[in-house]
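Tertiary structure, described
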Amino acid sequence: MIGTGAGVRGRAVTAATIAIAVLGLSVAGGRLSAAAGQQRASSGPLPETFGFGRPATPAAIAELDIDVMPDGTGLPPGSGTAADGAQTWGRACRGCHGPEGEGGTAAPVVGRDPSGRPLTVGNLWPYATTLYDYINRAMPRPTPGMLTPDQVYSLVAWILAKNEIIAEDAVMNAETLPAVVMPARDRFVPDDRRGGPEVR
Ligand code: HEC
């Protein structure tokens, strides 16, 4: 009985082994031809083009290259005051951020408090130039990109004046904006932690 049983198992094992061997061969064959293909590609010179895409034009790059750095690098020509900004704010921003920037369906942008709360431009933002960058790239939702440089400068001036950071009649442009010192400038410190269990 034992012998017969072993024989049956033996046949089954043999059949399975053959099946695996056949499968193995075809997989190995596939790998072989893939490896051969790779070898051809890396040993020969690459083609000039791959037949898709097109060169990015300077205009297309300029459309995306809109970042403004903390020191003001990237700020475009143009200027604006809080009085100009009030107009645009009323049309494009107040619906979400409130008539005075106090917040509505979207975050408040006006507010000064020594506690640093709530997280408004006056309480949190360390660089005034970030306002230009952010409004220019992201506001107004849901149609960013529609504001002219003058409109963005004037909205920045309006928000800064409302936060009592600049005078009502101050002109914001590529020279004056980077010189604005934000109340939260010193609320940030370089992160010099080196890791370890105390760092979360
Ligand atoms: C359709 C609603 C909507 C409109 C209109 C809109 N915003 Fe916003 N805004 C948002 C949302 C949403 C956020 C992200 C923060 C939040 O979740 O509230 C935001 C964030 C901001 C912030 C950053 C606030 C912070 O400190 O986190 C600023 C500044 C800002 N918007 C300015 C503007 C300006 C200027 C306009 C007008 C040109 C404008 N927004 C129009 C919805 C809107």
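Going along each chain's sequence as written, the residues are numbered from 1 onward. For a predicted model such as this one, the threshold for reporting local features is a pLDDT of at least 70, and the threshold for listing and counting side-chain atom pairs is 80 or more; totals across whole chains, interfaces and linings nevertheless cover every residue.

Here a helix means four or more residues in a row that DSSP labels H or I, a strand means two or more in a row labelled E, and each is numbered from the N terminus. Scanning the protein from N- to C-terminus turns up seven helices and two strands. When the elements of the protein are put in sequence order from the N terminus, they spell out α-α-β-α-α-α-α-α-β. Here the protein holds 200 residues, and the buried ones make up 22% of them. Contacts in the protein between residues far apart in sequence, at least 24 positions, make up 62% of those at least 6 positions apart. To sort residues by burial, count the other C-beta atoms lying within 10 Å of each one's C-beta; a count of 20 or more means buried, 12 or fewer means exposed, and anything in between means partly exposed. C-beta atoms are built from the backbone. Residues are treated as contacting if the C-beta atoms built from their backbones sit within 7 Å of each other.

For soluble globular proteins, the rule of thumb is that nonpolar side chains tend to be buried together. The biggest cluster of nonpolar side chains holds 28 residues, and the ones touching the most others in it are L131, Y132, V156, A157 and I159. When contributions to this core are tallied by element, the ones reaching two or more residues are α3 (82–92), α6 (129–138) and α7 (149–162). For this core, the leading source of residues is α7, giving nine residues. If we skip the residues at most four places from it in the chain, V156 touches L131, Y132, I135, M172 and L177. One nonpolar core equals one set of buried Ala, Val, Leu, Ile, Met, Phe, Trp, Tyr and Cys residues connected by C-beta atoms within 7 Å.

Right, let's get into the confidence of the model for the protein. Per residue, pLDDT measures the predictor's confidence, with a range of 0 to 100. Looking at the protein, the pLDDT average stands at 83 and 78% of residues meet or exceed 70. Below pLDDT 50 for its whole length, residues 1–38 participates in zero contacts with residues either more than four positions away or in separate chains.

The environment of the ligand is made up of 18 residues, and the closest members are C93, C96, A106, A107 and P140. If you list the elements that add at least two residues to the shell around the ligand, you get α4 (94–97) and α6. Charged means Asp, Glu, Lys or Arg here, nonpolar means Ala, Val, Leu, Ile, Met, Phe, Trp, Tyr, Cys or Pro, and polar covers whatever is left, Gly included. For the shell around the ligand, a count of residues per class yields 14 nonpolar, three polar and one charged. Placing a C-beta atom from the backbone of each residue, we mark the residue near a molecule or strand if the atom is within 6 Å of it.

Next up on the list: the packing of α6 against α7. Viewed as axis vectors pointing N to C, α6 and α7 meet at an angle of 125°, and their least axial separation amounts to 9 Å. One element, α6, and the other, α7, form an angle in the oblique class. Judged by the sense of rotation from one axis to the other, the crossing of α6 with α7 is right-handed. Between α6, through L131, Y132, I135 and N136, and α7, the contact on the second element is made entirely by V152, L155, V156 and I159. Of the residues that constitute the contact of α6 with α7, the class distribution is seven nonpolar, one polar and no charged. Lines are fitted to the C-alpha atoms to define the axes, a helix being fitted only along its stretch in contact, and any angle between axes, read from their N-to-C directions, falls within 0 to 180 degrees. Each angle gets one of four labels, with under 35 degrees taken as roughly parallel, over 145 as roughly antiparallel, 65 to 115 as roughly perpendicular, and the rest as oblique. Helix crossings are classified by the rotation of the near helix relative to the far one: an anticlockwise turn of less than a right angle makes the crossing left-handed, while a clockwise turn makes it right-handed.

Counting along an α-helix, one turn takes 3.6 residues, and residues three or four places apart therefore face a common direction. All buried positions along α6 are accounted for by T129, L131, Y132, I135 and N136. Looking down the long axis of α6, one finds its buried residues gathered within 155° of arc, a one-sided arrangement. Structurally, α6 contributes buried residues whose contacts are with α5 (121–124) and α7. Throughout, the arc means that of the directions going from the helix axis to the C-beta atoms.

Geometry of a packed helix pair, given as the angle between the helix axes and the separation of the axes. For the pair α3 and α7, interaxial distance at closest approach is 7 Å and the crossing angle is 100°. Classified by the angle their axes make, α3 and α7 are roughly perpendicular. On α7, the residues that touch A82, D84, G85, A86, T88 and W89 of α3 are Q151, S154, L155, A157, W158 and A161. Residues belonging to the contact of α3 with α7 are distributed by class as follows: seven nonpolar, four polar and one charged.

On to α7, then. By this rule, a helix spans an expected 1.5 Å times one less than how many residues it contains. Over its 14 residues, α7 runs 20 Å from end to end, which matches the ideal 20 Å to within 8%, given 1.5 Å per residue. Across the 14 residues of α7, 12 count as buried, placing the element largely inside the fold. Three or more residues of α7 are buried, namely Q151, V152, Y153, S154, L155, V156, A157, W158, I159, L160, A161 and K162. Looking at the buried residues of α7, the elements they touch are β1 (79–80), α3, α5, α6 and β2 (172–173). Among the residues trailing α7, E164 stands out with phi positive, at a value near 55°.

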